[in-house]
Amino acid sequence: MKIIRTVHEMQETALSLLTDNKTIGFVPTMGFFHEGHLALMEQAKKDNDIVVSSIFVNPLQFGPSEDYEQYPRDEEKDIIHAEETGADVLFIPDTQDMYPRKMVITLDVTDRVNVMCGRSRPGHFQGVVTVLAKLFHIIQPTKTYFGRKDAQQVAVVDALIEDLNFPMELIALPTIREQDGLAKSSRNVNLRQEEREEAPWIYKALENGRQLVVDGEKNPDIVVKEVLDTINCYTSGKIDYVELLSYPDLQPVSVIEQQVILATAVYFEGARLIDNLLFDKNGEIAKRLK
Ligand code: PAF
């Protein structure tokens, strides 16, 4: 596996791969790999000639009171894991190279962000699409891979690719979970022990909500209330939001009669956790995004 640390070398490498007609599968990450990241790389390996992954903790997507400094980092382990998983190139640029000066041009996101995480993290998705647009230009992937745990991010990236005509396919893979149901996340290591024990209730709460839909419930408020009550009852976390919206356009619904997302974010002292389920009007887990 080749480790590339400069934008210039990454660009040259991508250009030469494209000249050789190689397909590139790209997995953008902020590092501290868990099975979720590795599953994306494995799928990219199956689908493409070359797998490129990036590790870059992007300052633009963190608010001033957010966990940019505390975001877990372990480059040495990440390199070993990426190599074992079969990545061909690991791109690890530094901040100075990615942002040599204050950006004159950034991207704005005008829809799909006034709900869920976008509401409590103003500017977050602008930061995400800005760094992704740079990475897509530098790497020029054929396909790019994201986890469905960050379902709002997937909806925004879907719009980025479509609205700005990036010639690539977005592949979104199912959330990978711990045995007890907790969605794998780099932030889980920052949970205190009691919080870690309570955290699987987030997934159980979402499943309880989905079960109501399986049983015929069509009223989103009742489903949302079930999730709120379960999380409040079984965890010490502070709920940021529980929302049920159409997907991927993330609009409010008054009756569940199409594909929807049931999503939540919960603040623990150690970390803010997010999770979601994507299902159809009968509560069946969605296989495709749209
Ligand atoms: O999901 C992430 O890890 C980040 O938001 C991403 C896509 C790598 C952009 O910085």
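Above this text sits the structure in question.
Residues numbered from 1 in each chain as written. Predicted model: local features only at pLDDT ≥ 70, side-chain atom pairs only at ≥ 80, totals over all residues. Heavy atoms only, no water.

A. Looking closely at helix α3 (residues 75-85). The set of residues buried in α3 consists of Asp78, Ile79, Ala82 and Thr85. Summarising the axial view, the buried residues of α3 lie within an arc of 135 degrees, below the 170-degree limit, and thus occupy one face. Summarising the geometry of α3, the exposed residues directed more than 90 degrees from the buried face are Glu76 and Glu84. Taken from the residues just after α3, glycine 86 is the one with a positive phi, measuring 100 degrees. (Buried < 20%, exposed > 50% of the residue type's maximum accessible area, 1.4 Å probe, protein only. Helix = DSSP H or I, 4+ residues; strand = E, 2+ residues; numbered from the N terminus. Arc of directions from axis to C-beta.)

B. Broad picture of the packing of helix α6 (residues 124-139) against helix α7 (residues 151-163). It is the contact of α6 with α7, at a shortest axis distance of 11 Å, that shows an interaxial angle of 50 degrees. As judged from the angle between their axes, α6 and α7 are oblique. Between α6 and α7 lies a crossing whose hand is right-handed. Facing α6, whose interface residues are Phe125, Val128, Val129, Leu132, Ala133 and Phe136, α7 presents Gln152, Gln153, Val156, Val157, Leu160 and Ile161. When its residues are assigned to classes, the contact of α6 with α7 shows 10 nonpolar, two polar and no charged. (Axes fitted to C-alpha atoms, helices over the stretch in contact; angles between N-to-C directions. Parallel < 35°, antiparallel > 145°, perpendicular 65-115°, else oblique. Left-handed = near helix turned anticlockwise from the far one by under 90°. Contact = heavy atoms within 4.5 Å. Nonpolar A, V, L, I, M, F, W, Y, C, P; charged D, E, K, R; others polar.)

C. Geometry of the nonpolar core. Counting 52 residues, the largest nonpolar core has Met10, Leu132, Phe136, Ile139, Tyr247 and Ile261 as the members making the most contacts within it. Top element by residues in this core is α6. It accounts for 10 residues. The residues touching isoleucine 139, leaving out its near neighbours within four places in the chain, are Met10, Ala14, Ile24, Phe26, Val52 and Phe91. Counting residues in hydrophobic clusters, the runner-up holds 24 residues, among them Leu191, Val223, Ala271 and Leu273. (Core = buried A, V, L, I, M, F, W, Y, C linked by side-chain atoms within 4.5 Å.)

D. Fine view of the sheet that holds strand β3 (residues 50-55). Strand order in the open sheet formed by six strands is β1-β4-β3-β2-β5-β6, with parallel pairing between adjacent strands. With partners counted over all chains shown, the strands left at the sheet margins are β1 (2-4) and β6 (169-173), one partner each. Taking the axes of each pair of neighbouring strands and ignoring which way they run, one obtains an average angle of 25 degrees across the sheet. When strand β5 (residues 143-147) meets β6, the two strands line up parallel, connected through five bridges. Bridge assignment links tyrosine 145 to a residue of β6, and that residue is isoleucine 171. Contacts between helix α2 (residues 35-47) and the sheet are confined to β2 (24-29), β3, β5 and β6, with β5 contributing the most and set at about 155 degrees to the helix. (Pairing = 2+ DSSP bridges.)

E. Structural view of the side chain of histidine 34. Examined against the element boundaries, histidine 34 turns out to sit in the loop between β2 and α2. For histidine 34, a relative accessible area of 16% translates into the label buried.

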